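One-letter residues, chain by chain:
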Amino acid sequence: MPKKKTNNLSEVLKLHELQETEITRDETKILHNPNEKEKLEKLDAIIKEIESHIPESMLSRYRKLRNSGSLGVTKIKGTMCMGCYISIPQGDINRMKKGLIASICSHCGCYLNIEE
Amino acid sequence: MILLRNFITKENVLLGFSTVSQSEALKSLMQPMIDSGVVTDGDLFLSDLLDRENKMTTVMENGVAFPHARSNAIKKMAVTVGILPEPGIEFSLEQDVMSRIFFLIGVPSYAPTVHLPLLSLLAKFANQKINREKLLTVKTCGTASKILSNYKGG
């Protein structure tokens, strides 16, 4: 039986890169005058480029998380999700590493960047 | 509500330090964080700061610089304030302005947005000319930390 398709780690890494760039955009909005439009346009172009490498289903789930005010992607420390600080079973982390299950925290729903 | 007094004490204010380059300034500014154990790996934090600066300048139009980075080398959010004597340095090539006031912010990578309210408050402080002038004329680190600690964003 074919394995169920899950997000692979490189897609989660891209999603993490997207989140980092979006936060940089937020910082730029705070630090720079609204008439320095070219700064935001430069970041918007980078965001668009990163988005083009991420499947639509992941992007829309990520957007829902971000729009609810939480992070869309987070790291783990040991086995702890750094989004909700709840431990994830080691077996699940191993399955995420093998791509057998999606890299998503079962408690808070954040995508997990489980890169070492 | 975020309070600057929770982050800025006289121990993390640097007055009149000398520097000629961007990375030298960053090294000086991160030293109090290394001394207090907040930064666990100075080289990694420096490289994260330079990466962030390359992505987009953190220097405001008025010259106040807010170098910051999310880093695995940071244990908890921390700030160092630096005030350079005249003429300051050109911290970023992107912004054609000399910088004399610096707010270095270390952000732990597991809490990537935790600094945004702090950044916002410090930017509001730095946007007012009178506040910048006050900081540039202080004689002691204690006075600088007091000025910032008393600022509530009004």
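See the structure above.
Each value, and the rule that gives it
Residues numbered from 1 in each chain as written. Chains lettered and ligands numbered in written order. Predicted model: local features only at pLDDT ≥ 70, side-chain atom pairs only at ≥ 80, totals over all residues. Helix = DSSP H or I, 4+ residues; strand = E, 2+ residues; numbered from the N terminus. Buried ≥ 20, exposed ≤ 12 C-beta atoms within 10 Å, placed from the backbone. Rg over C-alpha atoms; globule rule 2.2 N^0.38 Å. Contact = placed C-beta atoms within 7 Å. Core = buried A, V, L, I, M, F, W, Y, C linked by C-beta atoms within 7 Å. Pairing = 2+ DSSP bridges. Axes fitted to C-alpha atoms, helices over the stretch in contact; angles between N-to-C directions. Nonpolar A, V, L, I, M, F, W, Y, C, P; charged D, E, K, R; others polar. Parallel < 35°, antiparallel > 145°, perpendicular 65-115°, else oblique. Left-handed = near helix turned anticlockwise from the far one by under 90°.

A. Region of the structure containing the overall build of chain A. Helix and strand counts for chain A stand at 4 helices and 3 strands. Each helix and strand of chain A, ordered N terminal to C terminal, gives the series α-α-α-β-β-α-β. In terms of principal-axis extent, the alpha carbons of chain A reach across some 55 × 30 × 25 Å. With 116 residues in all, chain A has 25% of them scored as buried.

B. How the structure looks around the overall build of chain B. A tally of regular secondary structure across chain B gives 5 helices and 4 strands. Secondary structure elements of chain B occur, N-terminal to C-terminal, as β-α-α-β-β-β-α-α-α. A compact globule built from 154 residues would reach a C-alpha radius of gyration of about 15 Å, and chain B, at 14 Å, matches this within 12%. The principal-axis extents of the C-alpha atoms in chain B amount to approximately 35 × 35 × 25 Å. Out of the 154 residues belonging to chain B, those deemed buried represent 41%. Once local pairs closer than 6 in sequence are excluded, the contacts in chain B between residues at least 24 apart make up 71%.

C. Geometry of the nonpolar core. In this structure, B:Phe66, B:Val79, B:Val81, B:Phe102, B:Phe103, B:Ile105 and B:Leu122 are the most contacted members of the largest nonpolar core, which totals 42 residues. Elements with a minimum of two residues in this core: strand E1 (13-15), helix H1 (22-35), helix H2 (42-55), strand E3 (78-83), strand E4 (101-108), helix H3 (116-127) and helix H5 (141-149) of chain B.

D. Representation of the pairing of strand E1 (residues 73-77) of chain A in the model. Residues and elements named next belong to chain A. Looking at chain direction, E1 and strand E3 (residues 111-113) are connected through 3 bridges and run parallel. If you follow Lys75 over to E3, its bridge partner there is Asn113. In this structure, E1 lies alongside strand E2 (residues 80-81), joined through 2 bridges in antiparallel fashion. Residue Lys77 lies in a different strand from E2, and its bridge partner there is Met80. Connecting E1 to the antiparallel partner E2 that follows it, the hairpin turn spans 2 residues, and Gly78 within it adopts a positive phi of roughly 65 degrees.

E. Spatial organisation of the sheet that holds E3(A). Residue and element names in this part refer to chain A. With mixed pairing, the 3 strands of this open sheet are ordered in space as E2-E1-E3. The sheet is open, and its two borders are formed by E2 and E3, each paired with just one other strand. Relative to E3, helix H1 (residues 9-31) is tilted by about 95 degrees, and along the sheet it contacts E1 and E3.

F. Region of interest: the interface of chain A and chain B. At the interface, 16 residues of chain A touch 14 residues of chain B. Of all the secondary structure elements, the ones that give two or more residues to the side of chain A that touches chain B are H1, helix H2 (37-51) and E1 of chain A. A total of 7 residues in the side of chain A that touches chain B trace back to one element, the largest contributor, which is H1(A). Classifying every residue of the side of chain A that touches chain B by side-chain character gives 6 nonpolar, 5 polar and 5 charged.

G. Region of the structure containing the packing of H1(A) against H2(A). All names here are of chain A. H2 packs onto H1 with a crossing angle of 165 degrees between their chain directions and a minimal axis gap of 10 Å. In this view, H1 runs roughly antiparallel relative to H2, as classed from their interaxial angle. The two elements H1 and H2 cross, and the hand of that crossing is left-handed. Packed against H1, whose contacting residues are Lys14, Glu17, Leu18, Thr21, Glu22, Thr24, Arg25, Thr28 and Lys29, the element H2 presents Lys39, Leu40, Leu43, Ile46, Ile47, Ile50 and Glu51 at the interface. Looking at side-chain class alone, the contact of H1 with H2 contains 6 nonpolar, 3 polar and 7 charged residues.

H. Layout of the sheet that holds strand E2 (residues 68-71) of chain B. Residue and element names in this part refer to chain B. Here 4 strands make up an open sheet; going across it, the order is E1-E3-E4-E2 and the pairing mixed. Every interior strand has two partners, whereas the edge strands, E1 and E2, have only one. Across this sheet, the average inter-strand angle for adjacent strands is 15 degrees, counted without regard to direction. Bridge count for E2 against E4 is 4 bridges, and the pairing is parallel. Of the residues in E4, the one forming a bridge with Ala69 is Gly106.

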